[in-house]
Each structure stands twice: as structure tokens, then as C-alpha cells.
Amino acid sequence: MVLYAFTAGFLLALAATPLASRFARKIGAVDVPDGDRKTHARPTPLMGGLAIFIAFIAAALLIRGGLLGGFMLPKHLAGIALGGLLLMIGGALDDRYRLRPVLQLIFPTLASLTVIASGIGADLITNPLGGTFRLDLWEFPLFAYAGNPYHLTLPADLFTFVWLMGMMYTTKLLDGLDGLVSGLGVIGFFVIAILSLTPDVAQPELARLAMAAAGAVGGFLFYNARPASIFLGEGGSTFIGFLLGVMAILSGGKIGVTLLVLAVPIMDVAWTIARRLQLRRSITQGGVDHLHFRLVRWGLSPGTAVLLFWLFAAAFGGAGLFIRGRGKLLALGILAILFIVITLWIRTRPYGTDARQTRG
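All values derive from a computational prediction rather than experimental measurement.

What should I look at first to understand a nonpolar patch on the surface in this one?
Taken together, the side chains of Leu137, Trp138, Phe140, Leu142, Phe143, Tyr145 and Leu152 present a nonpolar region at the surface, about 800 Å² in accessible area. A total of 6 residues in the nonpolar patch trace back to one element, the largest contributor, which is strand E5 (residues 136–145). Tracing the sequence through the fold places Leu137 in strand E5.

The structure is reproduced here in C-alpha cells:
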């Protein structure tokens, strides 16, 4: 069933991506080169996330018998689907009309709240030093619908909201090189699927859902790898982070492994935000101050920079499956040191001569 879920998502994405590309061109959702941050060779359609969303939902429907009956409830799947749909709507509007940052924020916020309302939340998280942290300390009843009570649980719901928003904006801001975010998504979903099959977690339902996502993003990556014929767009870049964030919570609060997969991108986003605040620049607008752009300006080819991110994600995400407790903290510490050393080193080096080709 796990292999079937991946195959279904992959083949559906292969079929859906050209259709999404045609639709994006038809409505004018096209990314036009500007010679600065957008240096791809020709106008390229956006809205690749729509193909991923359709393939993922269709694959989930095909394997729905293998998703329910355990810990996963129909309302959980409905929350994920509705949250994803909201991201697609917001992404399509932004890809076509270039929404202001404050308006872009609306749809990830609604998607996060939808997931929380569906009952998905981090009631407890694993303490890397042993034991767990409980986050369901205070519960406030809100209403009942169809016989199901709904509560506001603190600080669990707040933590879930911040976690999901952080994951979405990490993948959104990272989307600057062909195949970078989609490749990291495939790696992340594979790691979550393997984690879900371990005896400690034992959630085969989540493994199937994660493999459906891996297949959907992998099928899209066939078109998104350099030189990309279609880009993720706003909806796609946030949807990948959204799914990774939700599945990390569903795996029982074992968020550390997902952090290891995306540790370098997360640290890069935090570093960039801190630098922009220091320089009193906007933290919401696109720029070329992220690590992947710095690597390219230093002289690495875009493909090499993407491969470097993938290798870090695969190596540390894979290691996270085997190390426990303090080992995860040690791995995160090693990554943090490597990130700081590489970033400081690049800042002291002159730019390379082949630095402008950030897109295919």
C-alpha cells in the first residue's frame, strides 16, 4: 500500500502538471524574468502547486481505505484538504495579481486555523532529554458540531499555529532555485514515512499519506528540476511546508526529525530576517540575501547549490531516524555551527563571475 500510494501520487502529478501549466498561462499566472532575482531564461508558468494538490488529494482518495480506521479520522483528512484548498486559492490570486504581503498572510493563517479546528494539534512534544512536554494544559469549550465538541487548547493550539506558519514561510522564502523546495519536500516526506513505520511511532496510515505526498511532489519535480518548465508558485511553496508541518505533528509530536530535514533552510530564514531587521529592510519581500543565492553568487552552479541543500537534508534527516534524545540536539548543534561557518565564510569572499543564473 505504501508503494502504491507513492506511485499513484507520482503518476497523477506527471499528468496534472502540464494541465496546471496550461491553465497558468491562460490566466496570466506567469513569472517574467526581471534580470535581478528572477534570472530564468524565459517567462515560466506558476501554479505548480495546483498540480501537486490535485495529485495528492486524488492519491489520498484512492488509498482512503488505508488511511482511516486507525488514529487518523475523516475530519483530519478534511482539515488537510480544506487547508490545502485555501492555500491554492490564495496562491492562484497571488500568482496572478501579485498580492501585497499582508494579503498573502491571510491564506496560510486560514489554512493553519482550519487544521487546528479539524482536531490536529501538538498536545505533547517529545523532550530530546527524555520524556515529553504536555501542551494541553488549559482547555476552553467553544461549540459542538455533528456531535463533536470543539475546544481551544492552550498552549497546544498556539504552538501548532506558530509551527505551521513557520514551516509554510520557510518553504515559501526558500523557493528561489529550480527544484530546491520540491526536492526537499520529497526528502522530508520520505523521512516522515519511514519514521511512521518504526516501532516507536507505528502509524502506517501516516506513512501512506506521506508517500502519496512524496509521489505527488516527485512527479512535479520531473518538470521543476533545472531547467524548470513550471514553478511552484505561492500555493505550491506554502503547501509543501504545510504538509510537512501537519505530518510532523501527526507523527506524535516528533518534530525533531522534520527540523533536521529543514534545519539549514530554517536557520537561513531566521538569519535573513534578523539581518533585514538590523538593516531596517522589509522581511516579507523577496531578495537575494538567502544562503542559496549567496552560494550561487559566490560561484557555485544553481544545480550544485540545490544538490548541497538536498544532501544536508537527506543526511541529517536520515540520521534523525536513528539517533535519539541528546543525539538530535547534538545534530542540530552541528548543523547550526556549519551554517554559521559557511555563511560567514561566504560573506568574506568575493562573488564569482557566474553568479546571476539562479533559475533555469
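Hey, could you run me through the environment of Asp123 in this one?
As for its position among the elements, Asp123 is in the loop between helix H5 (106–117) and strand E3 (124–126). The contact partners of Asp123, leaving out residues within four places of it in the chain, are Phe133, Arg134, Leu135, Asp136 and Ala156.

Please explain the pairing of strand E6 (residues 148–155) as it appears in this structure.
Two faces, one strand: in a regular strand the side chains alternate between the faces of the sheet. Note: E5 against E6, 8 bridges, orientation antiparallel. By the bridge assignment, Phe140 is partnered in E6 with Leu152.

Any chance you could explain the packing of helix H7 (residues 180–197) against helix H9 (residues 233–250) here in plain terms?
Any two packed helices are characterised by the angle at which their axes cross and by the distance between the axes. Following both chains from N to C, one finds H7 and H9 inclined at 15 degrees, their axes separated by 10 Å at the closest point. Our classification of the angle between H7 and H9 gives roughly parallel. Every pair of crossing elements has a handedness; the one defined by H7 and H9 is left-handed. Together, Val181, Ser182, Gly185, Gly188, Phe189 and Ile192 of H7 and Ile240, Leu243, Leu244, Met247 and Ala248 of H9 make up the contact between the two elements. In the contact of H7 with H9, the residues fall into 8 nonpolar, 3 polar and no charged.

Help me understand helix H8 (residues 204–224) in this model?
Structural remark: α-helix, 3.6 residues per turn; residues separated by three or four positions point the same way. The end-to-end C-alpha distance of H8 is 29 Å, a good match for the 30 Å that 21 residues give at a rise of 1.5 Å each. Of all 21 residues in H8, 18 are buried; the element is thus mostly enclosed.

Looking at this structure, how should I read empty space enclosed by the protein?
Gaps left between atoms show up when a probe the size of a water molecule is rolled over them. Here the structure, examined in full by the defined rule, presents 5 cavities of 30 Å³ or more. One number sums up the size of the largest cavity: a volume of about 90 Å³. Residue lining of the largest cavity: Val264, Leu291, Leu295, Leu308, Phe309, Phe312, Leu335, Leu338, Phe339 and Ile342, and that is the complete set. Broken down by secondary-structure element, the contributors of at least two residues to the lining of the largest cavity are helix H12 (291–298), helix H13 (302–320) and helix H14 (326–347). Each residue belonging to the lining of the largest cavity can be placed in one class, and the counts come to 10 nonpolar, no polar and no charged. Taken together, Leu87, Gly90, Gly91, Asp94, Leu99, Gln104, Phe107, Pro108, Glu234 and Thr238 form the lining of the second largest cavity. Looking at the lining of the second largest cavity, the elements with two or more residues in it are helix H3 (74–97), H5 and H9. Looking at side-chain class alone, the lining of the second largest cavity contains 4 nonpolar, 4 polar and 2 charged residues.

Rules used throughout
- Residues numbered from 1 in each chain as written.
- Predicted model: local features only at pLDDT ≥ 70, side-chain atom pairs only at ≥ 80, totals over all residues.
- Heavy atoms only, no water.
- Patch = residues over 30% accessible without salt bridge, like charges linked within 9 Å, V, L, I, M, F, W, Y side chains within 5 Å.
- Areas by Shrake-Rupley, 256 points an atom, 1.4 Å probe, with all protein chains shown as cover.
- Salt bridge = Lys/Arg side-chain N within 4 Å of Asp/Glu carboxyl O.
- Helix = DSSP H or I, 4+ residues; strand = E, 2+ residues; numbered from the N terminus.
- Contact = heavy atoms within 4.5 Å.
- Pairing = 2+ DSSP bridges.
- Axes fitted to C-alpha atoms, helices over the stretch in contact; angles between N-to-C directions.
- Parallel < 35°, antiparallel > 145°, perpendicular 65-115°, else oblique.
- Left-handed = near helix turned anticlockwise from the far one by under 90°.
- Nonpolar A, V, L, I, M, F, W, Y, C, P; charged D, E, K, R; others polar.
- Expected span 1.5 Å × (residues − 1).
- Buried < 20%, exposed > 50% of the residue type's maximum accessible area, 1.4 Å probe, protein only.
- 1 Å grid on protein atoms, 1.4 Å probe; cavity = no way out; pocket = protein on both sides within 12 Å on 5 of 7 lines; lining within 4 Å.
- Points joined across faces, edges and corners; volume = space filled by probe spheres on them.

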